[in-house]
Amino acid sequence: MNSHTIRTYLLTMLFCLTGVCLPLQASSNAVSEDGDVDIKEVILDHIGDAYEWHIMTWGDHHISIPLPVIVFSQEKGFHTFLSHKLHHGESYNGFYLATEGDHKGKVVETLSTGETVRPVIDLSLTKIAASILINSLLLVSIILFVSRWYSRRSASDDAPRGFVGMIEMLIVMVYDGIIKPSVGKDYERYAPYLLTAFFFIFLSNLMGLIPIFPGGANVTGNIAITLVLAICTFLAVNLFGTREYWREILWPDVPIWMKCPIPLMPVIEIFGLFTKPFALTVRLLANIMAGHSVILALVCIIFVTHSMGALLGGSMTVVSLLFCTFMNVLELLVAFIQAYVFTMLSAVFIGMSRVEHHEK
Amino acid sequence: MSLFTPDVGLIFWMLLSFGIVFFVLAKWGFPVITRMVDDRKRFIDQSLEAAREANAKLEGIKAEGEALLAQAREEQRLILKDAANTRDRIIEEAREKARTEGALMLEEARQQIQHEKEVAIRDIRRQTAELAIEVAEKIMRTNLTTERQQMNLVDRLLDEVEKN
């Protein structure tokens, strides 16, 4: 939440540099009474999830978009309400945001037994969930727009230019550069999934780099998202695996004592089945989360040093801006590379599961 | 730590939206585009092939034209050569004819001249004889008027005959 204030401040500074001056006062919840900035709080706050979408803070006034909270409690049943009802520790129908403990920042309820628990089901449309919806809508409209462009033309027409040409370039890059060589036979069957995964990750990464609404949410840096993506790849790999693929896992070509009587190699291979999606999950998550954290930390330098004096603060602001610009550019690169790597590894795993029996 | 514990709500939203996105894009999005790109690639390949063929055909036509041109040039040369030969032959023949005819005419002329000459000579001879006779007559008419003169002549003639 606060991080957005800071990001807005960063944006303001960038505007100032280009001559547009916006008098914006940045303040943050993470600034304690004596003016210290809790950097850890700021960063964790940003890369985590939230029930509202904080835009900025103007003076003491928080501007945020309330999002629906959808919870199902064992005692109170199904409840849907907007998140601004939970502002400043207020409770609504017995639901409130926990301020500490295991469920810090989450919606909890106090049962009649006096116990504080999470609702059984919490399907709240949180900031990241809303961001997923926005990104999905954006992705669908972009790709459908492009495909509409194509369905209105014939193959003998001119090649597309501009935006459609750019999307085509990306699609062809993934299609010809990753899917065809990595998957091998039957690549058309897997192309839609791999392309969807690539564009979903790439778009989410890019949206995450935009500091203000509708971007800025740490979507691909959240484990739930990367886990779902990795599970999809896991299913694509293992549901359509060939006989030869399963034979190589369960009865690999190793000396007999390594698979019988103790199935050493099969156990390792089966373990390997699950490490692959796990690696996919963590790689994407860690890369994006780290990028967001570093940019936030660099922005925080401004606030930390400003509390130490105007001169130091001013000069460090320039340094921080330079570093932030550099990091943002680097993150653009990472956004692309991580989408590329995820797609390529998925394609390679799928290709490995399509092996045919070959004579030695 | 909450950063590494997947939130069930988020998983639900992610599964739902990613599933819908995947379904929509796999049905109406990417296949349309990739098919079109493949079609265009095939079309470009075909166009290239057609262009190559057309080029080859053009090359053939050019070579054919050049061959035709060369052939025509050769024929032209032959015709010219033939014409020159014919011309030379005709001239030669004409010259030959002229020569023989000239010779013939010359011969004829010569014969005529010869004939004329003979006629003339005969004529001259006759005239000369006539003249001589005339002269002789005249002389005789003048000189033999007298007796004495006649006798002189007879004597002289007799002398001459005797001398012979």
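What about unusual backbone geometry?
A negative phi angle characterises most non-glycine residues, just as the trans form characterises most peptide bonds.
Residue and element names in this part refer to chain A.
Part 1 of the reasoning: For the peptide bond that leads from Phe213 to Pro214, omega is 5°, which places it in the cis range.
Part 2 of the reasoning: Take Pro214: it is sitting in the loop between helix H5 (187–209) and helix H6 (223–239).
Part 3 of the reasoning: A positive phi angle, close to 60°, is found at Asp186, a residue other than glycine.
Part 4 of the reasoning: Position of Asp186 relative to the elements: it lies in the loop between helix H4 (162–183) and H5.

Topic: the confidence of the model for chain A
One rule of thumb: low pLDDT means the predicted coordinates there are not for detailed reading.
Part 1 of the reasoning: When pLDDT is averaged along chain A, the result is 84, and 89% of the positions lie at 70 or above.
Part 2 of the reasoning: Scored below 50 in pLDDT, residues 15–30 of chain A shows 29 contacts in the model against residues more than four places distant or in partner chains.

What about the packing of helix H2 (residues 39–47) of chain A against helix H8 (residues 264–306) of chain A?
Residues and elements named next belong to chain A.
Part 1 of the reasoning: At a minimum axis separation of 9 Å, H2 and H8 run at an interaxial angle of 140°. With respect to H8, the axis of H2 lies oblique. Crossing angle aside, the handedness with which H2 passes H8 is right-handed. For the pair H2 and H8, contact is made by Ile39, Val42, Ile43, His46 and Ile47 and by Met289, His292, Ser293, Leu296, Ala297, Cys300 and Val304, respectively.
Part 2 of the reasoning: Among the residues making up the contact of H2 with H8, the classes are represented as 9 nonpolar, 3 polar and no charged.

As for the sheet that holds strand E8 (residues 121–122) of chain A
Residues and elements named next belong to chain A.
Part 1 of the reasoning: Ordered by their spatial adjacency, 3 strands build an open sheet running E4-E3-E8, and the pairing between neighbours is antiparallel. Because the sheet does not close on itself, it has two edges, and the strands there are strand E4 (77–82) and E8.
Part 2 of the reasoning: With 2 bridges joining them, strand E3 (residues 68–73) and E8 adopt antiparallel strand pairing. Bridging across to E8, Phe72 finds its partner in Ile121.

Side note on the pattern of salt bridges
Part 1 of the reasoning: Within this structure, the stated rule accounts for 20 salt bridges over all chains.
Part 2 of the reasoning: As a salt-bridge pair, Arg99 of chain B and Glu96 of chain B come within 3.0 Å of each other at their nearest N and O atoms. Residue Arg99 of chain B and its partner Glu96 of chain B are both found in helix H1 (residues 8–143); the two are separated by 3 residues, about one turn of the helix.
Part 3 of the reasoning: A single network of salt bridges, built from pairs that share partners, joins Lys106, Arg118 and Asp122 of chain A together with Asp7 of chain B.

Criteria and thresholds
- Sequence order as written defines the numbering, with residues in each chain counted from 1.
- Numbering of ligands from 1 and lettering of chains from A proceed in the order in which they are written.
- This being a predicted model, a pLDDT of at least 70 is required before a residue's local features are given, and a value of 80 or more before pairs of side-chain atoms are given or counted; all residues contribute to the totals for chains, interfaces and linings.
- Note that water and hydrogens are dropped before the side-chain values are worked out from all heavy atoms of the structure.
- Elements are defined by DSSP. Helices are runs of H or I of four residues or more, strands are runs of E of two residues or more, and each kind is numbered from the N terminus.
- Each residue carries a pLDDT score, the predictor's own confidence in it, on a scale running from 0 to 100.
- Only heavy atoms enter the contact rule, under which two residues are in contact if any of them lie within 4.5 Å.
- What counts as an axis is a line fitted to C-alpha atoms, over the stretch in contact for a helix, and the angles between N-to-C directions run from 0 to 180 degrees.
- For classification purposes, angles smaller than 35 degrees are called roughly parallel, those larger than 145 roughly antiparallel, those between 65 and 115 roughly perpendicular, and all remaining angles oblique.
- Should the near helix be turned anticlockwise from the far one by less than a right angle, the crossing is left-handed, and should it be turned clockwise, the crossing is right-handed.
- In this classification, Asp, Glu, Lys and Arg are treated as charged, Ala, Val, Leu, Ile, Met, Phe, Trp, Tyr, Cys and Pro as nonpolar, and every other residue, Gly included, as polar.
- The rule for pairing is simple: two strands pair if DSSP sees at least two bridges between them.
- Whenever Lys or Arg places a side-chain nitrogen within 4 Å of a carboxyl oxygen from Asp or Glu, that contact is recorded as a salt bridge.

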